[in-house]
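Remarks on the overall topology
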2 protein chains.
Amino acid sequence: MSDALSAIARFSRYQSDDAQSAEALHCPVRDVLDRIGDKWSILMVMTLATRPHRFGELHRAIRDISKRMLTQTLRDLERDGLITRQVFPTKPPSVEYCLSPLGQSLLDPMASLIDWADRRYSDIHAARVRFDGAPCDVPRE
Amino acid sequence: MSDALSAIARFSRYQSDDAQSAEALHCPVRDVLDRIGDKWSILMVMTLATRPHRFGELHRAIRDISKRMLTQTLRDLERDGLITRQVFPTKPPSVEYCLSPLGQSLLDPMASLIDWADRRYSDIHAARVRFDGAPCDVPRE
DNA sequence: TAGGGTAGGTCTCATATAAAGACCTTAGAC
DNA sequence: GTCTAAGGTCTTTATATGAGACCTACCCTA
């Protein structure tokens, strides 16, 4: 918990007024989290965690992603140095994506979040049912 | 790292074919991460980590959020049981938001992610510069 | 030699989600 | 009266995502 608070404190500095007055957008933490916080990035990193995948394999592993978003997410992750892209000169050419060392370093923090989500899901679900079921017992104002 | 892999394995089960054939959408992990992975949730939880805030305080703390998204994100977090909302019958009424125990339990995993983002930002930034600067040295195909 | 399959995409167009910013209500202070 | 303040809602516009047709280059088959 003290760890958490110190990270939070560090993060808060970026949010301070002085920093914001110029450009709030350059907060590194927000920059990074906004990127990997999109709909597919975490899913893709998790899928690549066990072994490298080819384009088609990824598409089969994550069935409900469109090719367009698959391509775009892979490009973004590659740009951020989290994955590497290797083309093999087969006919037709095949492409293999795998996690870079930087990407691997993300696994531990990501896993702790997934672990939390998995263990707390029942609480969250219960809270939702409570909230949706009793919208009038606790009036808004 | 073994922790990471076991969490990943657990997560992968949800992604398996059998699960997907019915409804991939009911993966608890994706459900939770999609929600707190939006643009403002993490920022808001972090802001509430130190102390409770009123609506206006939050708006000042996170300057570039619109009132609409502030309201909506707060509702969503409340619905998920991560924060609590308390109305004081002042004139005009004031409202205080604070982290619930469930919300507090999120701080540790969230902090480890923030810590990662903060420490690895320079690597990521360097990777971006490299990628953007040399789009032809490593041709796409 | 015309057709079909395969790998890894790109392109266009439709829809879903987010953001900006005007507006609302109630009440006390000037 | 009209200014401000808190905590919102509503409408319009921008951005992100999705579906799915199409492309290229090669091989195989009949």
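Thresholds, definitions, all that
Residues numbered from 1 in each chain as written. Chains lettered and ligands numbered in written order. Predicted model: local features only at pLDDT ≥ 70, side-chain atom pairs only at ≥ 80, totals over all residues. Heavy atoms only, no water. Contact = heavy atoms within 4.5 Å. Buried area = accessible area lost by both parts, 1.4 Å probe. Salt bridge = Lys/Arg side-chain N within 4 Å of Asp/Glu carboxyl O. Helix = DSSP H or I, 4+ residues; strand = E, 2+ residues; numbered from the N terminus. Nonpolar A, V, L, I, M, F, W, Y, C, P; charged D, E, K, R; others polar. Pairing = 2+ DSSP bridges. Axes fitted to C-alpha atoms, helices over the stretch in contact; angles between N-to-C directions. Least-squares fit on C-alpha atoms with pLDDT ≥ 70 in both.

Moving on, we come to the interface of chain B and chain A. Opposite the 67 residues of chain B that make contact, chain A presents 67 residues. For the pair chain B and chain A, the summed buried surface comes to about 6,600 Å²; carbon and sulfur atoms form 60% of the total. Remark: the boundary between chain B and chain A carries 12 salt bridges. One salt bridge connects A:R10 with B:D118, and the closest N-O pair in it is separated by 3.0 Å. Examining the composition of the side of chain B that touches chain A, we find that 20 residues originate from one element, helix α8 (residues 107-133) of chain B, more than from any other. Residue composition of the side of chain B that touches chain A, grouped by class: 35 nonpolar, eight polar and 24 charged.

Okay, the sheet that holds strand β3 (residues 94-99) of chain B next. Residue and element names in this part refer to chain B. Pairing in this open sheet of three strands is antiparallel, and the strands run β1-β3-β2 from one edge to the other. Each edge of the open sheet is held by one strand with a lone partner, namely β1 (53-54) and β2 (83-88). Pairing of β1 with β3, which is carried by two bridges, proceeds in the antiparallel orientation. Of the residues in β3, the one forming a bridge with R54 is E96. Across the face of the sheet, helix α6 (residues 67-79) comes into contact with β2 and β3 while running at roughly 115° to β2.

Residues and elements named next belong to chain B. With six bridges joining them, β2 and β3 adopt antiparallel strand pairing. The partner of I83 across the bridge, within β3, is L99. Between β2 and β3, which pair antiparallel and follow one another directly, the connecting turn spans five residues.

Structural alignment of chain B on chain A gives an RMSD of 0.1 Å, achieved by rotating through 180° and translating 0.0 Å along the axis. Here the two chains are linked by the operation of a two-fold rotation axis. The C-alpha atom lying nearest the rotation axis in chain B is that of B:G37; the distance is 2.5 Å. When the interface residues of chain B are mapped onto chain A, 99% of them are again interface residues, pointing to one common binding face.

The subject of this paragraph is unusual backbone geometry. In the segment running from A:K91 into A:P92, the intervening peptide bond is cis, with an omega of -5°. Along the chain, A:P92 falls in the loop between β2 (83-88) and β3 (94-99).

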